[in-house]
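Here's the letter readout for the chains.
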Amino acid sequence: MRHPPISELTSHLGYWMRMVSNQVSLAFAKKLEAKDVTVAEWVVMRELYDVEALAPSRLAERMGITRGAISKLADRLIDKALIARNASPDDGRAQSLALTAEGRRLVPELAALADTNDAEYFGHLQPDERQMIEDMLRAIAERRDIRTIPVE
């Protein structure tokens, strides 16, 4: 019995995107690991950097993940003294998350690692090539309504 021809693995754009993405992500994760921070923790910290404090539910919404996932991430970051959980002065039941002084100090350092990682993988691209790739990926994300921030 003859089978119809099937496409090669390497003929799929998703294959190449995944190959590059996996390597970029792994390299970044290793850089963060040296600072005792995971990619997911870095994302939480970066989201909190530009605000004074944020309710866990709002942070979960911004990141596109569950409240339970935010709770677990917050607990890990609290244990590392990088964020604090504070009760609302208006409503004792409501809580907010905020960077500690150490967390606030660390975010620019971690951002520099992200910039270095980006440069290592994409620094050889011309600015217009980089912009074209970014525009295409943003268009795909928009068309597919992909809003979840990648954390793993």
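Structure: above.
In short, a report on the structure.

The rules behind these values
Residues numbered from 1 in each chain as written. Predicted model: local features only at pLDDT ≥ 70, side-chain atom pairs only at ≥ 80, totals over all residues. Heavy atoms only, no water. 1 Å grid on protein atoms, 1.4 Å probe; cavity = no way out; pocket = protein on both sides within 12 Å on 5 of 7 lines; lining within 4 Å. Points joined across faces, edges and corners; volume = space filled by probe spheres on them. Helix = DSSP H or I, 4+ residues; strand = E, 2+ residues; numbered from the N terminus. Nonpolar A, V, L, I, M, F, W, Y, C, P; charged D, E, K, R; others polar. Patch = residues over 30% accessible without salt bridge, like charges linked within 9 Å, V, L, I, M, F, W, Y side chains within 5 Å. Areas by Shrake-Rupley, 256 points an atom, 1.4 Å probe, with all protein chains shown as cover. Salt bridge = Lys/Arg side-chain N within 4 Å of Asp/Glu carboxyl O. Phe/Tyr/Trp six-rings, centres within 6.5 Å; stacked < 30°, edge-to-face > 60°. Buried < 20%, exposed > 50% of the residue type's maximum accessible area, 1.4 Å probe, protein only. Lys NZ or Arg CZ within 6 Å of the ring centre and 35° of its normal. Pairing = 2+ DSSP bridges.

Some thoughts on the layout of surface pockets
There is about 2300 Å³ of room inside the largest pocket. If you trace the largest pocket, you find 45 residues lining it, with Ser21, Val24, Phe122, Leu137 and Pro150 closest to the centre. Where the lining of the largest pocket is concerned, the elements lending two or more residues are helix H1 (13-33), helix H2 (39-49), helix H5 (101-122) and helix H6 (127-143). Top contributing element to the lining of the largest pocket by residue count: H1, with 13 residues. Counted by class, the lining of the largest pocket contains 25 nonpolar, eight polar and twelve charged residues.

As for a nonpolar patch on the surface
Residues Leu13, Met17, Met132, Ile133, Met136, Leu137 and Ile140 make up a contiguous nonpolar surface patch of roughly 650 Å² in combined accessible area. Those elements giving two or more residues to the nonpolar patch turn out to be H1 and H6. Broken down by element, the nonpolar patch gets its largest block of residues, five residues, from H6. Tracing the backbone through its elements, the reader meets Ile133 in helix H6.

Notes on the packing of aromatic side chains
Within a pair of aromatic rings, the relevant descriptors are the distance that separates the centres and the angle that separates the planes. By the definition in use, this model includes three aromatic pairs. Seen from their ring centres, Tyr15 and Trp16 are 5.0 Å apart, and the 90 degrees between their planes marks the pair as edge-to-face. Of the residues examined, Tyr15 reaches a relative accessible area of 27% and is grouped as partly exposed. Ring centres 6.4 Å apart and planes at 80 degrees place the aromatic pair Phe28 and Trp42 in the edge-to-face group. Of this pair, Phe28 sits in helix H1 while Trp42 sits in helix H2, placing them 14 residues apart in sequence. Its relative accessible area of 10% is what places Phe28 among the buried residues. One Lys or Arg, Arg104, reaches over the ring of Tyr49 and ends 5.1 Å from the middle of that ring.

Structural notes on the pattern of salt bridges
Pairs can form between side chains of opposite charge whenever their charged atoms are close. Following the criterion strictly, the structure yields 14 salt bridges and no others. In this structure, Lys31 and Glu120 form a salt bridge, with 2.8 Å as the shortest nitrogen-oxygen distance. With a gap of 89 residues between them, Lys31 in helix H1 and Glu120 in helix H5 connect regions that are remote in the sequence. Glu61 is the salt-bridge partner of Arg58, the closest N and O atoms lying 2.8 Å from each other. On the criterion of helical spacing, the pair formed by Arg58 and Glu61 is a turn pair, its members being three residues apart in helix H3 (residues 56-63).

Let's talk about the pairing of strand S2 (residues 95-99)
Counting buried residues along S2, four of its five residues qualify, which places the element largely inside the surrounding structure. Pairing of strand S1 (residues 83-87) with S2 involves five bridges; the strand directions are antiparallel. Paired with Ile83 across the two strands is Leu99, which belongs to S2.

Thoughts on unusual backbone geometry
In this structure, Ala81 takes a positive phi of about 60 degrees despite not being glycine. Note that Ala81 resides in the loop between helix H4 (67-79) and S1. Taking the relative accessible area as the measure of exposure, Ala81 reaches 43% and is therefore partly exposed.

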